[in-house]
Amino acid sequence: MTEHDVLVIGAGFAGMYQLHLLRERGFDVHVIEAGGDVGGTWFWNRYPGARCDIESVEYSYSFDEELQREWTWTERYAAQPELLSYARHVADRFDLRKDITFNQRVRTLDWNERETHWVVTTGDGATRTARHVIAATGCLSVPSRPSFPGMDEFRGELLWTSDWPADANLAGKRVAVIGTGSSGLQTITVVARDAGALTVFQRTPCYAVPAHNGPIADVLPAIKQHYPDLRAGSRMAPSGYQCGVETTALSEITPDETRPALDKRWELGGLCFADSLADVLTDPAANARVSEYVRTRIKEKVADPQVAAKLLPTFPIAAKRMCVDTGYYEVYNQPNVTLIDINEAPIRRLTERGILAGETEHEFDVIIMATGFDAMTGALNAVEIRNGDRTLSEKWAHGPRTYLGLMSAGFPNLFTICGPQSPSVLSNMITSIEQHVEWIGDALDHLREEGLTRIEAGVESEDNWVTTTNDLANLTLMPQAASWYMGANIPGKERVFMPFVGGVGLYRQVAEGVAASGYHGFELE
Ligand code: N01
């Protein structure tokens, strides 16, 4: 049986950096990755138009000065191929692949208390042991695959955005897209150009703000000159990236000033629009003002008022992840694009020829599912994680329970990177990944220096952290939307707001304080 100090699950951006950091510090580390190469999210999500919604100069590693200086991003928002090239470049540069097993899934983790190690089995039946396991499994890595009746009857092609085939060809075809989140929007915007006819099946309209994407060759040298300052600011910023614009609360500006303030943000584009008013997520009036602004913008973009009406979201803006678009609403002005609101015409079943929605059968050559993910807990629950007669998924049946989003009591020596109850998906994932990877690296260093072998979250600290994260979320409007943050997109999943809403900077201070105090709230042996 192969023995390791540390086994990391996943070779996306989290697992890659964790491998590099721990190997540099002299640990014997191995990574198990389900995909055929590094890149995680950007390995799997190759659908047309796939692109990051965080700016590329922020959505990239900061841990190595030379790396960030030598890599040249071409666009404000990097497209999937460029992100995957970046991941591969990092793997080459730090010679990561030699310690990664590809095309293999971790199936079970069994804690052996006597030996103080995890017994890890993979899909091929092989077994390894590791003193510590780090789940770098991603927050949006297990697709949600709704099963409509008749799915196996459809004679055309059924494609999933989260597992896109290399040879898909949609030119001139009759295409359906189900789902209008970020993946759906990006797919729809690009597919509308080539498809003979495109029909969009929408359950909930989203708020999409303009990306104003474009080349960044002219600004990149100046950004690189000040990269260390930019990164330092982002590490303490609430979202783990910076917007560079002052923000005020609704009560601090006059009604006349509101529209120009929102216009300015709209022109800036991207997720920073969510900060148009400082209290957008805490004051219903401020939120209503910003939401209404976006609805007005949508109506301006869509020529047919009846179609525009279907595209208007009603939940509080930013309570679900906003989308960042490049010409999304305008596709509905094209003659080859049709929007179907499935609240009016529910999808009854797939048929041999297409989709039966309401009383009408629509015929398609291709149906694209852009139906999202079992977010945050899906990938952890997909592994049978067991300590004696207790499994993590049973413990989390009514929502995840963690201390700092890093560990869960009863499951020693098992860390999660960007796990539930950490800022994670509410932040620039790379900023949060780096913070967790470094925190875990320091914790393992500490154990080694002290001659200790075991670390576990204390039950009381976990209870307090769960209460804190829930209370903080409830101070905001975020739990009011049926979002994947809440688990609301998965039938039967407990509705609990999963990420920590307090922001990256505050979270970092708490986590660093805990470490500085000798890992207060954790039990070390
Ligand atoms: O998934 P989603 P996504 N019948 O859950 C609909 C990140 N990301 O893959 O809202 C019919 O947002 C569902 O409807 P509803 C980003 O963080 C980033 O698009 O549940 N419809 C919704 O419209 C993002 O937030 C980037 O009512 C069904 C859609 O499918 C996250 O990933 C790009 C349905 C799913 O939207 C997830 O985005 C892509 C059903 N049975 C993703 N089930 C960028 O960086 C679900 N839907 C830009």
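On a predicted model such as this, the values are computed, not experimentally measured, just so you know.

### Some words on the sheet that holds strand β8 (residues 174-178)
Read from one edge to the other, the open sheet built from 5 strands follows the order β7-β16-β8-β9-β12, with strand pairing classed as parallel. With one partner strand each, in any of the chains shown, β7 (157-160) and β12 (337-341) form the two edges of the open sheet. On average, each strand axis in the sheet is tilted by 20° relative to the strand beside it, whichever way the strands run. Summarising the sheet, β7 and strand β16 (residues 366-369) pair through 4 bridges and their orientation is parallel. Counterpart to L159 in the pairing with β16 is I368. Packed on one face of the sheet, helix α5 (residues 182-194) meets β8, β9 (197-202), β12 and β16 and runs near 165° to β9.

### Focus on the site of the ligand
Contacts to the ligand come from 24 residues, most closely from D53, S183, R203, T204 and K320. Measuring from an oxygen atom of the ligand, one finds a backbone N or O atom of S182 at 3.0 Å. Take S183: an N or O atom from its side chain is 2.6 Å from an oxygen atom of the ligand. Alone, the ligand offers 900 Å² of accessible surface; in the complex the protein occludes 88% of this. Take the shell around the ligand: its biggest share by element is 3 residues, from α5.

### Brief notes about the confidence of the model for the protein
Chain-level pLDDT for the protein is 97 on average; 100% of the residues reach the 70-or-more range. Note on the complex model: pTM 0.97, ipTM 0.98.

### Comments concerning helix α9 (residues 284-301)
With 18 residues, α9 extends 26 Å from end C-alpha to end C-alpha; this agrees with the ideal 26 Å at 1.5 Å per step. Three or more residues of α9 are buried, namely A286, N287, V290, S291, Y293, V294, R295, R297 and I298. Buried-residue contacts for α9 involve β10 (208-210) and α8 (255-268). A distance of 3.0 Å separates the backbone nitrogen of A285 from a side-chain oxygen at the start of α9, and that oxygen is part of D283.

### Quick notes on the domain arrangement of the protein
Considered domain by domain, the protein is made up of domain 1 (2-142 + 374-524) and domain 2 (158-206 + 327-372). Taking only C-alpha atoms, the centre of domain 1 and the centre of domain 2 are 33 Å apart. Contact with domain 1, which involves 8 residues of that partner, is made by 10 residues of domain 2. Roughly 890 Å² of surface becomes buried between domain 1 and domain 2 when both sides are summed, with 51% attributable to carbon and sulfur atoms. For the domain 1 face of the interface with domain 2, the top three residues by lost area are W44, Y47 and P48, together amounting to 57%. Linking domain 1 to domain 2 there are 0 salt bridges.

### Some remarks on the environment of Q104
As for its placement among the helices and strands, Q104 is situated in the loop between β3 (100-101) and β4 (106-112). Sequence separation of Q104 and A34 is 70 residues, and the distance between their C-alpha atoms is 4.6 Å. Setting aside anything within four residues of it in sequence, one finds Q104 in contact with I32, E33, A34, T122, G123 and D124.

What counts and how
- Residues numbered from 1 in each chain as written.
- Predicted model: local features only at pLDDT ≥ 70, side-chain atom pairs only at ≥ 80, totals over all residues.
- Heavy atoms only, no water.
- Pairing = 2+ DSSP bridges.
- Helix = DSSP H or I, 4+ residues; strand = E, 2+ residues; numbered from the N terminus.
- Axes fitted to C-alpha atoms, helices over the stretch in contact; angles between N-to-C directions.
- Contact = heavy atoms within 4.5 Å.
- Near = heavy atom within 4 Å.
- Polar contact = N/O pair within 3.5 Å; in protein donor to acceptor, adjacent residues only side chain to side chain.
- Areas by Shrake-Rupley, 256 points an atom, 1.4 Å probe, with all protein chains shown as cover.
- pLDDT = per-residue confidence, 0-100.
- Expected span 1.5 Å × (residues − 1).
- Buried < 20%, exposed > 50% of the residue type's maximum accessible area, 1.4 Å probe, protein only.
- Domains from an automatic or database assignment.
- Buried area = accessible area lost by both parts, 1.4 Å probe.
- Salt bridge = Lys/Arg side-chain N within 4 Å of Asp/Glu carboxyl O.

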